[in-house]
Amino acid sequence: MPSYDFYCKDCKKTFTVVMALAEYEKSRPACPKCKGKKKVEQRPAAFFAVTSRKS
Ligand SMILES: [Zn+2]
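Residues numbered from 1 in each chain as written. Predicted model: local features only at pLDDT ≥ 70, side-chain atom pairs only at ≥ 80, totals over all residues. Heavy atoms only, no water.

On to the sheet that holds strand β1 (residues 3-8), then. Taken in spatial order, the three strands make up an open sheet running β2-β1-β3, and their pairing is antiparallel. Both outer strands of the open sheet, β2 (13-18) and β3 (40-42), are each paired with one neighbouring strand and no more. In this sheet, adjacent strand axes meet at a mean angle of 35° when their direction is disregarded. Of the strand pairs in this sheet, β1 and β2 are connected by six bridges, and their pairing is antiparallel. Note that in β2 the partner of Asp5 across the bridge is Thr16. (Pairing = 2+ DSSP bridges. Helix = DSSP H or I, 4+ residues; strand = E, 2+ residues; numbered from the N terminus. Axes fitted to C-alpha atoms, helices over the stretch in contact; angles between N-to-C directions.)

Structure representation (structure tokens):
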């Protein structure tokens, strides 16, 4: 199963959730700390964030 990185703006916490794509499309996960969903946003995958530029 793929894993998704999420970020909670309330807790300023990043967390990773492993779930099926169908499950992911149905609902966003709740923050493991505050149990809230409204401030949770998805982070781009790690390989997008870590880009090495050699210019
Ligand atoms: Zn939270």
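Let us keep going from here.
Bringing the coordination of the zinc ion into the picture now. At this site the zinc ion is bound by Cys8 (SG), Cys11 (SG), Cys31 (SG) and Cys34 (SG), with donor distances of 2.2 to 2.4 Å. Written as a sequence motif, the donor residues of the zinc ion are C-x2-C-x19-C-x2-C. Of the two residues, Cys11 is situated in the loop between β1 and β2 and Cys31 in the loop between α1 (21-26) and β3; the sequence distance between them amounts to 20 residues. On the basis of relative accessible area, Cys11 is assigned to the partly exposed category, the value being 21%. The buried category is assigned to Cys31, whose relative accessible area is 1%. (Donors = N, O, S within 2.8 Å, 3.2 Å for Na, K, Ca; no water. Buried < 20%, exposed > 50% of the residue type's maximum accessible area, 1.4 Å probe, protein only.)

The geometry of two aromatic rings is summed up by the distance between their centres and the angle between their planes. Counted according to the given criterion, the structure contains three aromatic pairs. With centroids separated by 4.2 Å and ring planes inclined at 5°, the aromatic side chains of Tyr4 and Tyr24 adopt a geometry described as stacked. Placement of Tyr4 in strand β1 and of Tyr24 in helix α1 is noted, with a sequence separation of 20 residues between them. You'll find Tyr4 and Tyr24 in the same group, each marked buried. Taking the centre distance of 6.4 Å and the plane angle of 45° together, the rings of Phe6 and Tyr24 count as tilted. Note that Phe6 is positioned in strand β1 and Tyr24 in helix α1, a separation of 18 residues in sequence. The same class applies to Phe6 as to Tyr24, namely buried. (Phe/Tyr/Trp six-rings, centres within 6.5 Å; stacked < 30°, edge-to-face > 60°.)

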